Amino acid sequence: MEGRSKLEVELFRELGFIRKKCERCGSYFWTLNPDAKYCGGQPCVDYTFIGNPPSTITNVDRRIIRGEFLKFMEKEGHTIIKRYPVVARWRDDVYLVGASIYDFQPWVTNGIIPPPANPLTISQPCIRLTDIDNVGRSGRHLTEFEMMAHHAFNYPNRGVRIYWMDRTVELAFYFLTDVLGIPKEKVFFKEDWWSGGGNAGECFEVHVDGLEVATLVFMHYVERNGRLEEMENQIVDTGYGLERLVWLCNGTVTVYDAIFPNFIEDLRKVIGLETINVDVAKRVFSVAGRYDAKELGTIKYYSVLAKALNMDEEELIRMISPWESIYVLADHSRSLIFMLGDGVVPSNVGAGYLARLLIRRAYRALLRLGVDLSLADIVALELKEVLNDFPEYRDISDAILDMIQEEEKKYRQTLRKGRALIERRAKRLRQYKKDSFSLDDLIEFYDSHGLDPHFVKEEAEKYGIKVIIPEDFYAKLAERHQALQPKVKKAKISLDERLLSHLPPTRLLYYENPKLFEFKAKVLRTFERYLVLDATAFYPEGGGQPSDKGTIVTTDGKIVKVIDVQKVGNIVVHVLERKINIPPGTVVIGKVDVDRRLALMRSHTATHILLGAAKRVLGHHVWQAGASKGVERSHLDITHYKSISRDELDRIELLANKVVMDNRAVNVQIMPRDKAESKYGFTLYQGGIVPGKNIRVVEIENWDVQACGGTHCEHTGEIGLIKIIKADRIQDGVIRLEFTVGESAIKYIQHEEELLKNVAETLRSPVDKVYDALRKLKIRERNLRNELMRLKKLYIHVMSKNILSSMIRIRNYDILVKSVDLSRGDAITLAEEVAKNNPNAVVVLMGIEHENAIYLIVRLGDNAMKTLDARAIASKIASIIGGRAGGSRFFAQGGGITKIPIDEIVNKALDVVRSCIATT
Ligand SMILES: [Zn+2]
Ligand SMILES: [Zn+2]
């Protein structure tokens, strides 16, 4: 492979490192130990630090190691950078930050913007779900971890050379040996090759006592057409596993025991579990990491492990399975705190899906432990720890626990429904003589019904259905949902973009003066119905704000309407109502539809205000999930985990209108991306990513700051009024607030008032008493209805007595065929009454349902039904009127559409009954 050569650095020469070839895996590695045969990493060697930490500093926690690392790197010339959120809002290719370099992709790594400092050091919390199935088992896998790093960004073309391999290896080596006090001969550097995200380069894996504690990557290739080319930039990308270093220095049985001591002890006490047998656990976990549970499958994993340990398999499982659950709970709780704390709301899409997956796995672990605690109680245990180092989560703590509680409630309901569903599906399978659910079934159970495969297995086995769960089930699910689908931008207008080449960027007058509505500009080009000017005050559609409309007036007085405006690259294209030919260079006048634009500006500024109000009322977990600004109606979609109460909605509306009344200034400025990010944080990116080096920042004084390209009011008072119309849950975890502003809001309220006045007039009540009047009316209506029912019953009873006189007796049947002026329901009651009191009755009732629609009822008495069938009689009568009928032996009904007079049908029906009797 290209670029793979002997990686000798200054330090190795200076201290006399030896380059060796691992006798197990064949990799080259550097060591000071002349007897070393193996590369120093798993699976080539076992852990030797458990119970025997190699460092001089021990009994450490994350804070100590993180502090030592950053302090050391700072002393060595690095600037300490604040960590980024775990939700990668500045990127459109991933949801979550999986490594410290993600913070600087793509803007810094592409060289578009300078790094926040150079060289820099950071400890970045990361989320990775690729090894989720190994969490709790291997003793070392985590879904949340901090990647400590020092990065140097070299731009040799610009003469920027910070440092490269020599210095990087030196920093790693002296941090481990001088700061942590690890003996020099225990530090192994294994040569390797790294590639990812289209970049590649050599790397060193740094191992101590069998544990990989750091990776030092030298990124300097870019992959183009399957070939590696030298990059312009050379980036030192290092990653030190904070949790692994804490583990190494503590020498505990697992990484979990090293980093979650308080959580584990608290939970162990609640469960009443004995402390782990350290000798056995030490034996188990020093080899457990050698095997991949994900690859082997649970059952095989345990038998392989038991054999390797020379232990009884059942005893092994009994001993370690409660610990697995505890470790899973510790790890998942911490991941969830970071994810929810940084703005993920559990749902069935995107990052929300990943959060829900963690919640449900954690809940299952809790069920396995059989303790009487809620998942929110468990997460609270870890939250207490997290807050010590990340006090920024204090404001959102309640919301995190509330979200977990809501999810837990939902999941319990899901499981209840799931039991019934699995029973149905299992029974159906058995009917088809099948006896197992497939992987597709399992994925469908999870994705459509929220049922995890272990639950499905447990339930299905009750009905003798087999279920085989792939060991990397969750990793597979996470993989499917981890990568964002690249958004394909739909072109709003179809034009040959070559027509626009060579044209200069349009001067954007709507930014220079948002209240410029009439302007002069030079025509650069016309083609079909499209017009390009050198400057324009027409706002093109973008950022959820529709385009302006208006007119173009030519010097010879021609007026043509502008019906749409779109931005193509940095050129604004006006779409005209009809084709027009204006020679390039001609000056025209543009007139923007003022009312429309002002309404859109009010809506847009109101959207920002409402978001700020929703955050203050509902909590800091609220993010914008979408927005659309209209002239009459607009909407703002926000992330929220439950429905919004009427009271909350009122509070949001009131708060928003207070901001309007405050008449706060709306400031717009263009800022370098890194400055804006460090000043305002990532809440800037409410409307999604904004590309480029400089971003346009819209700030409503002390209320809301967003990166936004829209046009805004200069002061909030210009909005006049914000009226929320309704709030709907449009998808899991997303609420849509529909609202109207300014003139439209007044009209909306007037219309509502009008409706109320009409209601009051109809009720003959003053408007303020309308509710009482309506309630009284409802009570009266109910009483009347009850009275009517009583009378109807009485009427039918009396009628059933009178009707007997129309009965005719044929053989031993009492026949009653009659048309009645009753509803179908009442006619059925009447037929019942007659048949109940007369076992020989053959009752046929008919009536008009509406217009030409006739209904038909046949009811037989207990004796009559022994020899006759109501269905046969009803069907024959129905066929006379071209209709159908059905029912049971003693009762059938039907109907049809006919023009035949009902009396005539009655006569024919009587004939039908006669002929039926004749055949008995
Ligand atoms: Zn090896
Ligand atoms: Zn905006």
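Residues numbered from 1 in each chain as written. Chains lettered and ligands numbered in written order. Predicted model: local features only at pLDDT ≥ 70, side-chain atom pairs only at ≥ 80, totals over all residues. Heavy atoms only, no water.

(A) Just the overall build of the chain, in detail. When helices and strands are counted, the chain shows 26 helices and 32 strands. Against the globule reference of 29 Å for 920 residues, the chain gives a C-alpha radius of gyration of 38 Å, more extended than a compact globule. With the C-alpha coordinates of the chain rotated into their principal frame, the extents come out at 125 × 95 × 55 Å. Taken over 920 residues, the chain has a buried fraction of 53%. Restricting the contact set of the chain to residue pairs at least 6 apart, pairs at least 24 apart contribute 66%. (Helix = DSSP H or I, 4+ residues; strand = E, 2+ residues; numbered from the N terminus. Rg over C-alpha atoms; globule rule 2.2 N^0.38 Å. Buried < 20%, exposed > 50% of the residue type's maximum accessible area, 1.4 Å probe, protein only. Contact = heavy atoms within 4.5 Å.)

(B) Inspection of a nonpolar patch on the surface at higher detail. Together, Leu791, Leu794 and Val798 make up a nonpolar patch on the protein surface, roughly 260 Å² of accessible area in all. Tracing the chain through its elements places Leu794 in helix α22 (residues 770–802). Among the residues examined, Leu794 registers a relative accessible area of 49% and is labelled partly exposed. (Patch = residues over 30% accessible without salt bridge, like charges linked within 9 Å, V, L, I, M, F, W, Y side chains within 5 Å. Areas by Shrake-Rupley, 256 points an atom, 1.4 Å probe, with all protein chains shown as cover. Salt bridge = Lys/Arg side-chain N within 4 Å of Asp/Glu carboxyl O.)

(C) Inspection of unusual backbone geometry at higher detail. Here the bond from Gln105 into Pro106 is cis, since omega is -5 degrees, no more than 30 degrees from zero. Tracing the backbone shows Pro106 in the loop between β3 (79–80) and β4 (120–127). Backbone torsion omega between Asn118 and Pro119 reads 0 degrees, so that peptide bond is classified as cis. Counting through the fold element by element, Pro119 comes out in the loop between β3 and β4. Even without glycine at this site, Asn663 takes up a positive phi of about 55 degrees.

(D) Representation of the coordination of the zinc ion (ligand 1) within the structure. Protein-derived coordination of the zinc ion (ligand 1) comes from Cys22 (SG), Cys25 (SG), Cys39 (SG) and Cys44 (SG), at a distance range of 2.3 Å. Each of the four donor atoms bound to the zinc ion (ligand 1) contributes to angles spanning 103 to 117 degrees, and the resulting shape is tetrahedral. Written as a sequence motif, the donor residues of the zinc ion (ligand 1) are C-x2-C-x13-C-x4-C. Of this pair, Cys22 sits in the loop between β1 (18–21) and β2 (28–31) while Cys39 sits in the loop between β2 and α2 (62–75); the two residues are 17 residues apart in sequence, bridging distant segments of the chain. (Donors = N, O, S within 2.8 Å, 3.2 Å for Na, K, Ca; no water. Tetrahedral: all angles 85-135°; square planar, octahedral: opposite > 155°, others 65-115°.)

(E) Representation of the coordination of the zinc ion (ligand 2). Taken together, His604 (NE2), His608 (NE2) and Cys708 (SG) make up the full set of protein donors to the zinc ion (ligand 2), lying 2.1 to 2.3 Å away. If you list the donors of the zinc ion (ligand 2) from N- to C-terminus, the spacing comes out as H-x3-H-x99-C. Taken as a pair, His604 and His608 lie in helix α18 (residues 594–618) at a separation of four residues, close to a single helical turn. The class for His608 is buried, based on a relative accessible area of 2%.

(F) Molecular detail of the sheet that holds strand β31 (residues 884–887). Spatial strand order, β27-β28-β29-β30-β32-β31: six strands in an open sheet with mixed pairing. Both outer strands of the open sheet, β27 (808–810) and β31, are each paired with one neighbouring strand and no more. Pairs of neighbouring strands in the sheet enclose a mean axial angle of 20 degrees, with direction left out of account. Two elements, β31 and strand β32 (residues 891–897), share four bridges in a ladder whose sense is antiparallel. Each residue of the ladder has a partner; that of Ala885, found in β32, is Gly894. (Pairing = 2+ DSSP bridges. Axes fitted to C-alpha atoms, helices over the stretch in contact; angles between N-to-C directions.)

(G) View of the side chain of His332. With respect to the element layout, His332 can be found in helix α10 (residues 313–341). A residue is classified by how much of its surface remains accessible, and His332, at 0% relative accessible area, is buried. The contacts of His332, once residues within four sequence positions are left out, are Ile132, Val135, Thr143, Leu358, Arg361 and Ala362.

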